[in-house]
Amino acid sequence: MAPIPWGKFPTLAEHQLARRWLQFMANIGRASNTIDAYGRAVEDHLRFCAVEGTDPVLAGADTVAAWIGDMLDRPRQRSAKAPLHPETGLANATVQQRLVAVRSFYEYLVEDGLRERNPVRRGQPSRRGRRPRQGFVRRLEQAPWIPNDDVWQRILVACTTEPLRNRLMVALAYDRALRREELVQLDVGDFEHAHRLIPLRAETTKSQRAREVVFGVTSSQLFVAYLNERRGMFGRIDGPLFRSASNRNYGKPLGPSTWSKTVEGIAHRAGVARLSTHTFRHLRLTDLARADWTIDQIAQYAGHRDLATTMRYIHLSGWELAARRHRASASIQQDRENLLAALAAVR
């Protein structure tokens, strides 16, 4: 069961029903990141209701709409990763995420008999000739950003100055298309080096589904080198593979935020502000689409539950145009591997 950081959500923690709802979500096995996101969303909604003088148990659709309007009018911190975004209003994805959490909270109240209806309207697609029903906020689908060949080379050049541990993490993040949480939760025992195989445990994946991925020559070389370095620093210890070398957290398992900060540093040195921990995964899946993998193969490799998610990478790959305008997919992939190999060559 994921622990709940009640100190982050003081208003929610004081609201008996909201506290009971979030505890319920933790009890049924929601991931810690989900609990954190849900808590922040409902905390924000409860604060808005307090300012408006509205009891959340009695709030209607007009209160939810006013809350949405408030989120869309708030000043936004400018970001180098998204310089074209307007200066006000939370991002569409953030608003959507918060609506999902608040809808879950009100659904809990409905099931508990404290409300008759859920005030957060759910959008519905058209079925059997019926008109689709639009939710409160239209969902904007944006294609994930991926670097071109020149930018990718700059990123890898910046990576060559990183410690051995970080270079291995970059190689695995791309090579195996691992999410941030999947990467930092790898255990020493997860690696079957003889077969270059990594069985990902269900509890470490977003979809809660186990899957197996294989890793290439570069990742294999870096893995062996890091194990030797790790043994010299921390001794022969099992458990989480990636350990902190800082004086403050020496020997402790690496957390997701540390990996994010590492990638931010690489992005700064490479001059690529849009680089994120997920970029490596996006690029790898796009490369697989360019290499003529089927949608089912990519979905299994990525651990996607919904093929619609996988289709984003198929469209992004531009495989129809690539056959006419770009080099052969095998050549593109070989270029990627050659660049990646430079990480293992650094001493």
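It should be noted that the structure appears before, not after, this text.
Draft legend 1. Examining the pairing of strand β2 (residues 211–214) more closely. Only one face of β2 is buried: it carries R211 and V213, and the other face, with E212 and V214, is open. Two strands pair when backbone bridges link them, and strand β1 (residues 197–200) and β2 are joined in this way by four bridges, in the antiparallel orientation. Bridging from a neighbouring strand, P199 pairs with E212 of β2.

Draft legend 2. Expanded view of helix α3 (residues 32–52). Given a rise of 1.5 Å per residue, 21 residues ought to cover 30 Å, and the 30 Å separating the end C-alpha atoms of α3 matches this to within 8%. G53, located one to two residues past α3, shows a positive phi value of around 75 degrees.

Draft legend 3. Geometry of the packing of helix α6 (residues 149–159) against helix α10 (residues 256–270). Between α6 and α10, whose axes approach to 8 Å, the crossing angle comes to 115 degrees. For the pair α6 and α10, the crossing hand works out as right-handed. Note on element contacts: α10 touches α6 through I266, R269 and A270, opposite R154, I155, A158 and C159.

Draft legend 4. Representation of unusual backbone geometry within the structure. The backbone of A177 shows a phi angle near 50 degrees, a positive value even though the residue is not glycine. Among the secondary structure elements, A177 is positioned in the loop between α7 (164–175) and α8 (180–184). The phi torsion at D292 lies on the positive side, around 70 degrees, for a residue other than glycine. Its place among the elements puts D292 in the loop between α11 (279–290) and α12 (295–302).

Draft legend 5. Focus on the environment of A59. Looking at the element boundaries, A59 is found in the loop between α3 and α4 (61–73). Residue A59 is classed as buried on the basis of its relative accessible area of 1%. Between the C-alpha atom of A59 and that of R115, which follows or precedes it by 56 residues, the distance is 9.7 Å. Those residues within four positions of A59 in sequence are excluded, and the remaining contacts are T54, Y106, R115 and P119.

Draft legend 6. Structural view of the packing of α7 against helix α9 (residues 217–234). Contact geometry for α7 and α9: axes closest at 9 Å, N-to-C directions at 150 degrees. Judged by the inter-axis angle, α7 sits roughly antiparallel to α9. Of the two possible hands of crossing, α7 and α9 adopt the one that is left-handed. The segment α7 lies against α9, with L164, R165, R167, L168, A171, L172 and D175 engaging S219, L222, F223, A225, Y226 and E229. Per-class residue counts for the contact of α7 with α9 are eight nonpolar, one polar and four charged.

Conventions used here
- Residues numbered from 1 in each chain as written.
- Predicted model: local features only at pLDDT ≥ 70, side-chain atom pairs only at ≥ 80, totals over all residues.
- Heavy atoms only, no water.
- Buried < 20%, exposed > 50% of the residue type's maximum accessible area, 1.4 Å probe, protein only.
- Helix = DSSP H or I, 4+ residues; strand = E, 2+ residues; numbered from the N terminus.
- Pairing = 2+ DSSP bridges.
- Expected span 1.5 Å × (residues − 1).
- Axes fitted to C-alpha atoms, helices over the stretch in contact; angles between N-to-C directions.
- Left-handed = near helix turned anticlockwise from the far one by under 90°.
- Contact = heavy atoms within 4.5 Å.
- Parallel < 35°, antiparallel > 145°, perpendicular 65-115°, else oblique.
- Nonpolar A, V, L, I, M, F, W, Y, C, P; charged D, E, K, R; others polar.

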